[in-house]
Amino acid sequence: MQPSHHNSKAGKVYLIGAGPGAADLITLRGARLLAQADVVLHDALVTEEMLELCPQAIKIAVGKRCGKLSTAQHFINKQLIDNAQKHAIVVRLKGGDPMLFGRADEELSALELAGIEVEVVPGITTALAAAAATRQPLTKRGVARSVALFTSSTAPGESNETRVPDSDTLVQYMGGKEAILTAQRLLAAGRPADWPVVVVENCSRADQRILRLQLSDLEQGLADCEGPVLVMMGESLRTRDSFTEQQSELPAVTRAYLTA
Ligand SMILES: C[S@@+](CC[C@H](N)C(=O)[O-])C[C@H]1O[C@@H](n2cnc3c(N)ncnc32)[C@H](O)[C@@H]1O
């Protein structure tokens, strides 16, 4: 199908990255647009405190969290187009960055085909927020020169025999339920049993938890994680000799986890 001509009567849609959750980790551009938005269609990963940045807007929840019913993607696309026909500023607010594991391609295609003007505003993706939260760089001179951001989550009908990437540092999105399989695949591929693994749950939020493991521990799974989880692996995640946890600055639940 050919793109339609630009629909000059319609409003504009902004795909905005909300960052990992904390309201002050969105960009200034994103926050400014949120404050001007007529409608905000947001994911489940977008926090309540972030939505306080757009009290004037009509808010529509279109996200999903593990197992709960989600709004079908084609219906989200239709809602974006319908709202742009009626309103000047429509925001599609997504957790992290919209261009990573965010189905932006489908939304951009639908809007472009409908002739709706669209702009993308980047956000801090969880991998970078988690590296900051844990004070563990994903690259390290002489140790780790490449980073792969990957997921084993597949589309319906797609083979789940996805290969784990071969980079020095691996960051797995949507990996909580896949932890056992991921660990088994990496051990079978020759990664050492003591390979450092850092898991961050609810990154940047009040209930953030940080778990430091080895690859052999990951093989036991991450059954007690309920929030969104990011799994980071590699030698760059090995704690520095000088490293001490700043436990007093962490929420109580994180301290309990670290000392367990
Ligand atoms: C559909 S992907 C969206 C990724 C997002 N576009 C980004 O750039 O971070 C959802 C996954 O991102 C990760 N994630 C998002 N927010 C998170 C957070 N605050 N803490 C930990 N992981 C998070 C989890 O792996 C979650 O399953």
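Before any of the text, the structure's been laid out above.
Here is a short report on the structure shown in this document. Keep in mind that this is a model prediction, so the values were computed, not measured.

Let us look at the overall build of the protein. Scanning the protein from N- to C-terminus turns up eight helices and ten strands. Expressed as a percentage of its 260 residues, the buried residues of the protein come to 45%. Summed over its atoms, the accessible surface of the protein is roughly 13,500 Å², and 52% of this surface lies on carbon and sulfur atoms.

We now examine the packing of helix H3 (residues 73-86) against helix H4 (residues 104-113). Two elements in contact, H3 and H4, have axes separated by 10 Å at closest approach and are oriented at 45°. Here H4 runs oblique to H3, going by the angle between their axes. Here H3 runs over H4; the crossing is right-handed. Each of Gln 73, Ile 76, Asn 77, Leu 80 and Ile 81 in H3 lies in contact with H4, whose residues at this interface are Glu 106, Glu 107, Ala 110 and Leu 111.

With that out of the way, let us pick up the site of the ligand. Lining the immediate surroundings of the ligand are 18 residues, of which Leu 100, Thr 125, Thr 126, Met 174 and Val 229 lie closest. A distance of 3.0 Å separates a nitrogen atom of the ligand from a polar atom in the backbone of Gly 95. A distance of 2.7 Å is found between a nitrogen atom of the ligand and a backbone nitrogen or oxygen belonging to Leu 100. Relative to its unbound accessible area of 570 Å², the ligand is 91% covered by the protein chains.

Right, let's talk about the packing of aromatic side chains for a bit. Under the counting rule described, the total for this entry stands at one aromatic pair. When the ring centre of Phe 243 is taken as reference, the NZ or CZ atom of Arg 135 above it lies at 4.9 Å.

Let us look at the sheet that holds strand S3 (residues 58-61). One open sheet accounts for five strands, arranged S3-S2-S4-S1-S5; its pairing is parallel. Each end of this open sheet is capped by a strand with a single partner; those strands are S3 and strand S5 (117-121). Neighbour-to-neighbour, the strand axes of the sheet open up by a mean angle of 20°, direction not taken into account. Bridge count between strand S2 (residues 39-42) and strand S4 (residues 89-94): four bridges; the pairing is parallel. Pairing of Leu 41 across the sheet is with Arg 92, part of S4. Set on the sheet, H4 makes contact with strand S1 (12-17), S4 and S5; between it and S1 the angle comes to about 170°.

Taken together, the side chains of Asp 24, Glu 48, Glu 49 and Glu 52 make up a negatively charged region of the molecular surface. Turning to its location among the elements, Glu 52 is positioned in the loop between helix H2 (48-51) and S3.

As summarised here, the arrangement of the five strands in space is S6-S7-S10-S8-S9, forming an open sheet in which the pairing is mixed. With one partner strand each, in any of the chains shown, strand S6 (147-151) and strand S9 (209-214) form the two edges of the open sheet. Shown here is a sheet whose adjacent strand axes are inclined to one another by a mean of 20°, direction ignored. In this fold helix H5 (residues 126-134) packs onto S6, strand S7 (169-173), strand S8 (196-201), S9 and strand S10 (229-233), with an angle of close to 70° to the strand it touches most, S10.

The next point concerns helix H6 (residues 179-188). Burial in H6 covers these residues: Ala 179, Thr 182, Ala 183 and Leu 186. An end-on view of H6 places all buried positions within 95° of arc, on one side of the element. Here the buried face of H6 lies against S6, S7, helix H7 (215-218) and S10. Gly 190 sits one or two positions beyond H6 and adopts a positive phi of about 100°.

This part takes up the pairing of S1. Counting buried positions along S1 yields six of six residues, so the element is predominantly enclosed. The alternating pattern of S1 places Lys 12, Tyr 14 and Ile 16 on one face and Val 13, Leu 15 and Gly 17 on the opposite face, and all of these are buried. Looking at chain direction, S1 and S4 are connected through six bridges and run parallel. Paired with Gly 17 across the strands is Lys 94, a residue of S4.

Conventions we followed
Residues numbered from 1 in each chain as written. Predicted model: local features only at pLDDT ≥ 70, side-chain atom pairs only at ≥ 80, totals over all residues. Heavy atoms only, no water. Helix = DSSP H or I, 4+ residues; strand = E, 2+ residues; numbered from the N terminus. Buried < 20%, exposed > 50% of the residue type's maximum accessible area, 1.4 Å probe, protein only. Areas by Shrake-Rupley, 256 points an atom, 1.4 Å probe, with all protein chains shown as cover. Axes fitted to C-alpha atoms, helices over the stretch in contact; angles between N-to-C directions. Parallel < 35°, antiparallel > 145°, perpendicular 65-115°, else oblique. Left-handed = near helix turned anticlockwise from the far one by under 90°. Contact = heavy atoms within 4.5 Å. Near = heavy atom within 4 Å. Polar contact = N/O pair within 3.5 Å; in protein donor to acceptor, adjacent residues only side chain to side chain. Phe/Tyr/Trp six-rings, centres within 6.5 Å; stacked < 30°, edge-to-face > 60°. Lys NZ or Arg CZ within 6 Å of the ring centre and 35° of its normal. Pairing = 2+ DSSP bridges. Patch = residues over 30% accessible without salt bridge, like charges linked within 9 Å, V, L, I, M, F, W, Y side chains within 5 Å. Salt bridge = Lys/Arg side-chain N within 4 Å of Asp/Glu carboxyl O. Lys, Arg positive; Asp, Glu negative; His and termini not counted. Charge placed at Lys NZ, Arg CZ, Asp CG, Glu CD. Arc of directions from axis to C-beta.

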